[in-house]
Amino acid sequence: MLKKTILFFTLTFLLTISMNSLAQFGKLLKKAQSTDHNSTEGKEGKLIFAHTEFESFDAAAPHAIDEVKDGEEVWIYVKLSKPIGNYTNVQKFTDNEGNLVENVSFMIQFSSRGNSSGKFSEQPVFVKGGEKGERGMVINKGYVAYLDDIDLEKTTEFKMCLSKYIRHKSSFVFLKPIGGGNAGTWDTEIRLKGKNDNVFASGGLMSNLANGIPNYRKAWKAYEQIIQNGDIADNVLPPTGKFNDASVKAAVIKEAKASGIVAEKIVFTTDAWAETINPNDAYQRKERHVFGYITYKNGEQCMYSMAEATQTLVSGNWSASSVKLYNTGTPILCSMTK
């Protein structure tokens, strides 16, 4: 009875404290929990953790862990009672060209153990599609995860790395709050949520980081660069438009130089100026915009940046172009720039 009282008090109080305060309660919570850290009792699947990559869930099972320290590799292995298609969310729609698009995914969440409603981070995991969104939206691949070689009707197990980026085999849900957080001892949990927001597998992991997180901080910064700039294997240059203007090109080159970029090529991605009204302008003056990209090198790495040129209508004449660069530092294959 006393143990149940302590457990109820601890879990209730955790809902109102921050992650920084969680360190003070990590040991108490660990003692109060009577279930094993790798338990998934009552769920549709089993989820375990390991320090290295194995071929299968059964191969990883003898090496399952329930605690991790700074810099150690973390992998999850999931084994389901039914094919994965039984647990995933399915979104179907028609794209701008009239083609049927099917996106199939589940959500991976990282939270304090026992906190069923709260979460430190989460990320969609696509097992099919994930290239396009509805109404012409392009999905930013840096913010979602993908799994390769998934058969919705046959696949019953999969694995993911949580401690570093591996193309189509990793998630940032662990590194983002751990590597981007503070030292401490965190009693944590990974949850997989799918159809109807149901949890179909979960597992607990004690993150013993009381002595600091320098290695996980470094790993998170590297992963964060992938999120911001994309995986070079996924990055492609926008399509070429028909617009061409020497004075606008000169303005883009000037802005790039001011930003420390030596532009090798400038390509416009629109066919003509697009006119708008600036809602923030006191005189509601007209503006017109064109977009393009510049290619350049950072050492031996080929990169590109997007550029937007804007002109304002003043006394019946268009002003000189002001240029804004964005998505700078995006890596691409050098073969794309030729």
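To start, this report covers the structure provided alongside it.

Scoring rules and cut-offs
Residues numbered from 1 in each chain as written. Predicted model: local features only at pLDDT ≥ 70, side-chain atom pairs only at ≥ 80, totals over all residues. Heavy atoms only, no water. Salt bridge = Lys/Arg side-chain N within 4 Å of Asp/Glu carboxyl O. Helix = DSSP H or I, 4+ residues; strand = E, 2+ residues; numbered from the N terminus. Expected span 1.5 Å × (residues − 1). Buried < 20%, exposed > 50% of the residue type's maximum accessible area, 1.4 Å probe, protein only. Contact = heavy atoms within 4.5 Å. Phe/Tyr/Trp six-rings, centres within 6.5 Å; stacked < 30°, edge-to-face > 60°. Core = buried A, V, L, I, M, F, W, Y, C linked by side-chain atoms within 4.5 Å. Pairing = 2+ DSSP bridges. Axes fitted to C-alpha atoms, helices over the stretch in contact; angles between N-to-C directions. Arc of directions from axis to C-beta. 1 Å grid on protein atoms, 1.4 Å probe; cavity = no way out; pocket = protein on both sides within 12 Å on 5 of 7 lines; lining within 4 Å. Points joined across faces, edges and corners; volume = space filled by probe spheres on them. Nonpolar A, V, L, I, M, F, W, Y, C, P; charged D, E, K, R; others polar.

Some remarks on the pattern of salt bridges
It is possible for side chains of opposite charge to pair when their charged atoms get near one another.
Then, in step 1: In the structure shown here, the tally under the stated rule is eleven salt bridges.
Then, in step 2: In this structure, E275 and K286 form a salt bridge, with 3.7 Å as the shortest nitrogen-oxygen distance. Remark: K286 occurs in strand β13 (residues 286–298) and E275 occurs in strand β12 (residues 274–277); sequence separation between them is eleven residues.
Then, in step 3: Via salt bridges that share partners, E53, K159 and K169 belong to a single interconnected network.

Re helix α6 (residues 214–229)
Then, in step 1: For α6, built from 16 residues, the straight-helix expectation of 22 Å at 1.5 Å per residue is met to within 8% by its first-to-last C-alpha distance of 23 Å.
Then, in step 2: Among the residues of α6, Y216, W220, Y223, I227 and N229 are the ones counted as buried.
Then, in step 3: Looking at the buried positions of α6, the neighbouring elements they touch are β2 (67–69), α5 (175–179), β10 (199–209) and β16 (322–331).
Then, in step 4: Following α6 by one or two positions, G230 adopts a phi angle in the positive range, close to 85°.

Considerations on the packing of aromatic side chains
Then, in step 1: Taken as a whole and judged by the stated rule, the model has 14 aromatic pairs.
Then, in step 2: Here F126 and Y146 contribute two aromatic rings whose centre-to-centre distance is 5.8 Å and whose plane-to-plane angle is 25°, an arrangement assigned as stacked. One end of the pair, F126, is in strand β6 (residues 121–128); the other, Y146, is in strand β7 (residues 145–146), and 20 residues separate them in sequence. For the pair shown, F126 and Y146 are each scored as buried.
Then, in step 3: Considering the side-chain rings of F172 and W220, the 6.4 Å spacing of their centres and the 70° angle between planes classify their relative orientation as edge-to-face. In this pair, F172 sits in the loop between β8 (157–161) and α5 while W220 sits in helix α6, placing the two residues 48 residues apart along the sequence.
Then, in step 4: For F172, a relative accessible area of 5% translates into the label buried.

Notes on the nonpolar core
Then, in step 1: Counting 39 residues, the largest nonpolar core has F158, F174 and L192 as its most contacted members.
Then, in step 2: Apart from residues lying up to four places away in sequence, L192 is in contact with L47, V78, F106, M107, I108, F158, N198, V199, F200 and A201.

Looking at the sheet that holds β8
Then, in step 1: Strands sit in the order β1-β3-β8 across an open sheet of three strands; the sheet is antiparallel. In this open sheet, the two edge strands, each paired with only one partner strand, are β1 (45–50) and β8. Within the sheet, the average angular offset between the axes of one strand and its neighbour, ignoring direction, is 15°.

A closer look at helix α7 (residues 246–258)
Then, in step 1: Between its terminal C-alpha atoms α7 stretches 19 Å, which fits the 18 Å expected from 13 residues at 1.5 Å a residue.
Then, in step 2: Residues of α7 that are buried: V248, A251, V252 and A256. Summarising the axial view, the buried residues of α7 lie within an arc of 135°, below the 170-degree limit, and thus occupy one face. Exposed side chains of α7 directed beyond 90 degrees from the buried face belong to A246, K254, K257 and A258.
Then, in step 3: Looking at the buried side of α7, the elements it contacts are β11 (265–268), β13, β14 (301–314) and β16.

Focus on empty space enclosed by the protein
Then, in step 1: For the structure shown, the criterion picks out two cavities of 30 Å³ or more.
Then, in step 2: Here the largest cavity is characterised by a volume of approximately 140 Å³.
Then, in step 3: Around the largest cavity, the lining comprises 17 residues; the ones closest to its centre are K141, G142, V144, Y146 and Y165.
Then, in step 4: Among the secondary structure elements, those contributing two or more residues to the lining of the largest cavity are β7 and α6.
Then, in step 5: Here the residues of the lining of the largest cavity are counted per class, giving seven nonpolar, five polar and five charged.
Then, in step 6: Computed from the structure, the second largest cavity encloses a volume of approximately 40 Å³.
Then, in step 7: Along its surface, the second largest cavity is lined by V248, V252, I266, F268, V290, F291, G292, Y293, A307, E308 and A309.
Then, in step 8: Mapped by element, the contributors of at least two residues to the lining of the second largest cavity are α7, β11, β13 and β14.
Then, in step 9: With four residues, the single largest contributor to the lining of the second largest cavity is β13.
Then, in step 10: Taken together, the residues that form the lining of the second largest cavity break down as nine nonpolar, one polar and one charged.

In short, shape yes, function no, at least from these values alone.
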